[in-house]
4 protein chains.
Amino acid sequence: MSPMPAGGSEKSRARAQAQRARILEAARKCFSEAGFHGASMARIGEQAGMSAGLIYRYFASKAEIIRAITGEQREVRMRAMAEVGSRLELLERIVDKMRDWRTSGGRPGAFDPALFLEVTAEACRDPAIAALVSAQEEETSDDMAQVIEREARTAGVTLSAEALRQHTLLARCLLDGVILRCVRDPGLDLEQVRASLRALVRPLTDQPGPV
Amino acid sequence: MSPMPAGGSEKSRARAQAQRARILEAARKCFSEAGFHGASMARIGEQAGMSAGLIYRYFASKAEIIRAITGEQREVRMRAMAEVGSRLELLERIVDKMRDWRTSGGRPGAFDPALFLEVTAEACRDPAIAALVSAQEEETSDDMAQVIEREARTAGVTLSAEALRQHTLLARCLLDGVILRCVRDPGLDLEQVRASLRALVRPLTDQPGPV
Amino acid sequence: MSPMPAGGSEKSRARAQAQRARILEAARKCFSEAGFHGASMARIGEQAGMSAGLIYRYFASKAEIIRAITGEQREVRMRAMAEVGSRLELLERIVDKMRDWRTSGGRPGAFDPALFLEVTAEACRDPAIAALVSAQEEETSDDMAQVIEREARTAGVTLSAEALRQHTLLARCLLDGVILRCVRDPGLDLEQVRASLRALVRPLTDQPGPV
Amino acid sequence: MSPMPAGGSEKSRARAQAQRARILEAARKCFSEAGFHGASMARIGEQAGMSAGLIYRYFASKAEIIRAITGEQREVRMRAMAEVGSRLELLERIVDKMRDWRTSGGRPGAFDPALFLEVTAEACRDPAIAALVSAQEEETSDDMAQVIEREARTAGVTLSAEALRQHTLLARCLLDGVILRCVRDPGLDLEQVRASLRALVRPLTDQPGPV
DNA sequence: TATGAATGAGGCTTCATTCAT
DNA sequence: TATGAATGAAGCCTCATTCAT
């Protein structure tokens, strides 16, 4: 799959990894701005500071870059959920990220809603992408479950497996929903979103519900 | 905007409308399968049973078709919210739609999550699409508020403006979140989603919250 | 060559001639504005107030319209030279025509330098056009010779055949040159051109020359 | 304007210039034969011995090629006027060029009347071309004035500014007229044109006129 | 490793022309 | 006679990908 030879010195392998990273960074930016189909290899190369031809020494095709970008998303989401103590904290964090995106327009390493949606849309078409995304979703649900368990532990509450699953599902839908709404309505008042979330998210209880 | 002359007989106008509908139907299918930029005019023409050139008698450009498809989404969402009496009923309805999509793969006129996401992703890039989507979002929020007011009336509860706004926001995020999650995880158990929603959505109260 | 049937009543033949004239009038305008290749049959039809398809009942092809337009040019030039008594009068008349063109932008029936050049350029490519133009040139030279003979008669001078030929050549080159220069330099001061021509054109003498 | 990056090694820049030249050479030929709009990029590429796509590495669009060709015309005319000592010499030279064109059909670098007329016709439609042509006309008039001043100096005559302007105008019209007539009438006897010019062009005098 | 020239396929769009009505 | 729907070819241009250097 990868065009890079398995062999080579330690040093050259490190170099190769650095090159791949540069390409992916450039691709992320281009894909975010123009979409997978709208971004050209030439533009990605330019952004990465190399010729388009050279990219093919590190990735077999544009599709492989897309797959790699898709694969990276998992880390971004995981990082976002690590060390978060409650659902509300997590939701507020995503609101912060959305505001960052609106104002600064996407710094490297930050969560990029445009890319997130591009990947999701592509998953509807490319089965390989769909499989990657689906696998990530399960992991992300696990991460979310951990956040909720942490919150429950802090609150001194014990959740049944069923309650945990339901709270996880709800929280995830809310989170994705916030992202989608922010993207679809650039005029959406994020402070109001934050306030609403604060008012609406209740302390965890053992019993299922409520919204 | 439209390349068709204003005049023409009754019959020819009807015919033109039929042709436009055929093209839009074909475009919907192609865009859903391949994305706006992955679908070619040739493919759309083939799907519509006509030459690619003929499409330009009814639409000035591919972009105009994309705009028309985007504009249509509003009707689809509006139809879905009409005559719905409560948030839970609405959410269950969207779950039904997602199951339809998974099984039948998108019938004409039905809500198409792939297209919905394609439009949203495109809104990140094309300001014209962003404006359309943004306008639709406001209308959809109004529709959602009506659903909630209906539910409140039925429950004999009076909602403050603030509470109404918050419930609307929550419900919309949940709804969009359900769509996104279903698309991103084809393995997601829709029956479990339905069950969770039933358990989680509480009767409306005057007070803000809770989730 | 022509798609029109030879038969038909007197009335229908007259009608056909009127239609041809309308088409040619429209084509003249379109060709002048957009060039032979830049003007579409649809646009010509629109300008003529008929469908593009109908044009083919009166002309076998676009090329035939071009040929017809080319053929018309002869009349325009001929009309311009009729009843003109001297070279200077003729040259001043062309200066007037150029000013009309600059200000009014080409009325129907008027001499159109853009069309004149379009035809000339096309003559370099299409042998059929070249033949038409070449034939017209001979006729136009004859017309010019008549103008000069008229001038000589008025001046009481007898020109040798050789002198006549030379004066004709000179006058024609001057005339075409004025047209070309006016087109190529929209800033050219026509009044100065007129003044220069007045100063430069001397009474005819029997002897060859001078300039 | 140019799609080529500014940087690059000495060698690659030289190569790029050579490619541009090859393309322009091919375009000149194609435009001369078929006109700006009749010549296809594919044909130009074929003539230049490269794929049509490659052309876009050296020119941003077909329009840019047209502009480049148009711009070149100035040099061709300028070259023709350099080191010419009199109006008659200049006119005879253009007659020579026309004969070359008729016989050899346009060698690279030679003056091409078909192209000259194509450019002029295009100037009637495209304001960008019109501006280029207009600017060239002024320069060409300056060049012509210099030729005339040279002739006056040789003849020991001092020309007033007004006389200089008038002689320049006359000479230029004659010159353009000769070109136009040669193109429009392929049967025109160039030797007779030459003889007529010789007979008609008189030595310069201080006084305005005569023709 | 790295470049950038080169290609061929394909995309969007226009248009002359034909034909059923 | 007249329309306008319909097509197929062609045009301009872009781009992923390959390859000689």
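None of these values were measured; they are calculated from a predicted model.

**Describing the domain arrangement of chain A**
All names here are of chain A. By the assigned domains, chain A splits into domain 1 (1–60) and domain 2 (63–206). Centre-to-centre separation of domain 1 and domain 2, based on C-alpha positions: 28 Å. Residue-level contacts link 17 residues of domain 1 with 16 residues of domain 2. Per-residue buried area on domain 1 facing domain 2 is highest for Arg-28, Ser-32 and Phe-36; these three make up 43% of the total on that side. Between domain 1 and domain 2 we count one salt bridge in total. For Arg-28, the salt bridge is made with Glu-72, and the minimal N-O distance between the two is 2.9 Å. At the boundary of domain 1 and domain 2, one finds four residue pairs in polar contact (both at pLDDT 80 or more).

**Some words on the interface of chain D and chain C**
The interface of chain D with chain C comprises 52 residues on the first partner and 49 residues on the second. For the pair chain D and chain C, the two sides together bury roughly 4,700 Å², of which 66% comes from carbon and sulfur. Counting the contacts that link chain D with chain C gives six salt bridges. At the level of secondary structure, the elements contributing two or more residues to the side of chain D that touches chain C comprise helix H1 (10–34), helix H6 (113–123), helix H7 (127–155), helix H8 (161–184) and helix H9 (190–200) of chain D. The biggest single contributor to the side of chain D that touches chain C is H8 of chain D, with 14 residues. Classifying every residue of the side of chain D that touches chain C by side-chain character gives 26 nonpolar, 13 polar and 13 charged.

**Here we look at the relation of the copies chain B and chain A**
You can overlay chain B on chain A at an RMSD of 0.5 Å; the transform is a turn of 178 degrees with a shift of 0.0 Å along its axis. With respect to symmetry, the two chain copies, as superposed, fit the operation of a two-fold axis. The share of interface residues of chain B whose copies in chain A are also at the interface is 94%, consistent with both copies meeting through the same surface.

**Here's the deal with the pattern of salt bridges**
Residue and element names in this part refer to chain A. One pass over the structure, following the stated rule, counts 92 salt bridges over all chains. Across the pair Glu-46 and Arg-43 runs a salt bridge whose closest N-O atoms are separated by 3.7 Å. Here the residue Glu-46 and the residue Arg-43 both occupy positions in helix H2 (residues 41–48), the gap between them amounting to three residues, near one helical turn. One salt bridge connects Arg-172 with Glu-137, and the closest N-O pair in it is separated by 3.1 Å. Of the two residues, Arg-172 is situated in helix H8 (residues 161–184) and Glu-137 in helix H7 (residues 127–155); the sequence distance between them amounts to 35 residues. Judged by relative accessible area, which is 2%, Arg-172 ranks as buried.

**Some remarks on the protein's contact with DNA strand F**
Taken together, the neighbourhood of DNA strand F is formed by 30 residues, with Arg-15 and Gln-19 of chain B, Arg-15 of chain C together with Tyr-56 and Lys-62 of chain D sitting nearest. Within 4 Å of the protein, the atoms of DNA strand F are drawn from sugar and phosphate moieties in a proportion of 64%. A distance of 2.7 Å is found between a phosphate oxygen of DNA strand F and a side-chain nitrogen or oxygen belonging to Tyr-56 of chain A. Met-41 of chain D is positioned such that a nitrogen or oxygen atom in its backbone is 2.7 Å from a phosphate oxygen of DNA strand F. Secondary structure elements with two or more residues in the surface near DNA strand F: helix H1 (10–34) and helix H3 (52–55) of chain B together with helix H1 (10–38) and helix H3 (52–55) of chain C. Partitioned by chemical class, the residues of the surface near DNA strand F number 12 nonpolar, 12 polar and six charged.

**Brief notes about the relation of the copies chain D and chain C**
The transformation that overlays chain D on chain C combines an axial shift of 0.0 Å with a rotation of 178 degrees, and the residual RMSD is 0.5 Å. Taken together, the interface assignments show that 94% of the residues at the interface of chain D recur at the interface of chain C, consistent with an identical surface on both copies.

**Some remarks on the packing of helix H5 (residues 87–104) of chain B against helix H8 (residues 161–184) of chain B**
Residue and element names in this part refer to chain B. Where H5 meets H8, the axes come as close as 10 Å, and the angle between the chain directions of the two elements is 15 degrees. If you check the angle between H5 and H8, you find them roughly parallel. The two elements H5 and H8 cross, and the hand of that crossing is right-handed. Contacts between H5 and H8 involve Arg-87, Leu-90, Leu-91, Ile-94, Val-95, Met-98, Trp-101 and Arg-102 from the former and His-167, Ala-171, Leu-174, Leu-175, Val-178, Ile-179, Cys-182 and Val-183 from the latter. The residue makeup of the contact of H5 with H8, split by class, is 13 nonpolar, one polar and two charged.

Thresholds, definitions, all that
Residues numbered from 1 in each chain as written. Chains lettered and ligands numbered in written order. Predicted model: local features only at pLDDT ≥ 70, side-chain atom pairs only at ≥ 80, totals over all residues. Heavy atoms only, no water. Domains from an automatic or database assignment. Contact = heavy atoms within 4.5 Å. Buried area = accessible area lost by both parts, 1.4 Å probe. Salt bridge = Lys/Arg side-chain N within 4 Å of Asp/Glu carboxyl O. Polar contact = N/O pair within 3.5 Å; in protein donor to acceptor, adjacent residues only side chain to side chain. Helix = DSSP H or I, 4+ residues; strand = E, 2+ residues; numbered from the N terminus. Nonpolar A, V, L, I, M, F, W, Y, C, P; charged D, E, K, R; others polar. Least-squares fit on C-alpha atoms with pLDDT ≥ 70 in both. Buried < 20%, exposed > 50% of the residue type's maximum accessible area, 1.4 Å probe, protein only. Near = heavy atom within 4 Å. Axes fitted to C-alpha atoms, helices over the stretch in contact; angles between N-to-C directions. Parallel < 35°, antiparallel > 145°, perpendicular 65-115°, else oblique. Left-handed = near helix turned anticlockwise from the far one by under 90°.

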